[in-house]
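Structure assessment
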Amino acid sequence: MNNFIKALNHVNKLVYEPNQLTLTSIQEEKQNSNYGAGTFQLASCSVRFRVAKKTPNKVGQFVAFWEKDENDNNQPYTYEKAPDLLVINTFLSNDEMGQFIFPKDILAKQNILKTSATKGKMAIRVYPSWDTPTSKQAIKTQKWQLPYFVDLSDTNKLPIKKLLELYSQ
């Protein structure tokens, strides 16, 4: 089973189904398949879904999200074409996981989506609450990211209110 389906099934059982959030229009994105890439609808919200990867030498986890242009070159997603939310799943271990649930307005504000004023990015590093970055840039990045992070490690104490708020943006 591929990363996208495996991660999506896990999150569906843990978060979506228990809160009556119904998945529709599920599509895997081949170009970022190493990152469990896909899109779907969640109620009236469109979602781009990723699984971040741990890297051996740096704190945080890395995730890519790009598309091909008409000349088959990689390019950042544009604000106009971006789904409502970018959901990045992070795993510390098999039992410890979390989600970043970023609204596209925040991604534009952080210069991650391509707009008329910014070139956008094709990948970012995310810093879950269990990470302790040391560089100034990583600390600054974690600071803006954490309001959009939900720790899903304790399945008996899921922060449902925060989850539902983030998914309804």
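Residues numbered from 1 in each chain as written. Predicted model: local features only at pLDDT ≥ 70, side-chain atom pairs only at ≥ 80, totals over all residues. Heavy atoms only, no water.

An unreviewed UniProt entry annotates the protein as MepB family protein of Rossellomorea aquimaris.

Side note on the nonpolar core
The test is simple: Here, the term nonpolar core denotes a set of buried Ala, Val, Leu, Ile, Met, Phe, Trp, Tyr and Cys residues that are joined through side-chain atoms within 4.5 Å. The cut-offs for exposure are 20% and 50% of the maximum accessible area for each residue type, with area from a 1.4 Å probe on protein chains only; residues under the lower value are buried, those over the upper are exposed, and the others partly exposed. The secondary structure listing takes helices from DSSP runs of H or I that are at least 4 residues long and strands from runs of E that are at least 2 residues long, numbered from the N terminus. Contacts: residue pairs with any heavy atoms within 4.5 Å of one another.
Tyr16, Phe49, Ile88 and Phe102 are the most contacted members of the largest nonpolar core, which has 46 residues in total. For this core, the leading source of residues is helix 1 (residues 3-16), giving 7 residues. With sequence-adjacent residues up to four places away left out, isoleucine 88 is seen in contact with Arg50, Ala52, Val63, Gly98, Gln99, Phe100, Phe102, Ile124 and Val126.

A closer look at the sheet that holds strand 4 (residues 53-54)
Pairing between the strands of a sheet comes from backbone hydrogen bonds, and it takes one of two forms, parallel or antiparallel. Test applied: In this analysis, strands are considered paired if DSSP registers two or more bridges between them.
Strand order across the open sheet formed by 3 strands is 4-5-10, with antiparallel pairing between neighbours. Here the strands that pair on one side only, and so sit at the sheet edges, are strand 4 and strand 10 (123-126).

Digging into the pattern of salt bridges
How we decide: When a carboxyl oxygen of Asp or Glu is within 4 Å of a side-chain nitrogen of Lys or Arg, the pair counts as a salt bridge.
Applying the stated rule across the entire model yields 4 salt bridges. With a closest N to O distance of 3.1 Å, arginine 48 and glutamate 29 form a salt bridge. Placement of the pair is arginine 48 in strand 3 (residues 45-51) and glutamate 29 in the loop between strand 1 (23-28) and strand 2 (38-42), with a sequence separation of 19 residues. In this pair, the class of arginine 48 matches that of glutamate 29, namely buried. For arginine 50, the salt bridge is made with glutamate 29, and the minimal N-O distance between the two is 2.7 Å. Residue arginine 50 is found in strand 3, and its partner glutamate 29 is found in the loop between strand 1 and strand 2; the two are separated by 21 residues along the sequence. For the residue pair arginine 50 and glutamate 29, the accessibility class agrees, reading buried in each case. When salt bridges with common partners are traced through the structure, they connect Glu29, Arg48 and Arg50 into a single cluster.

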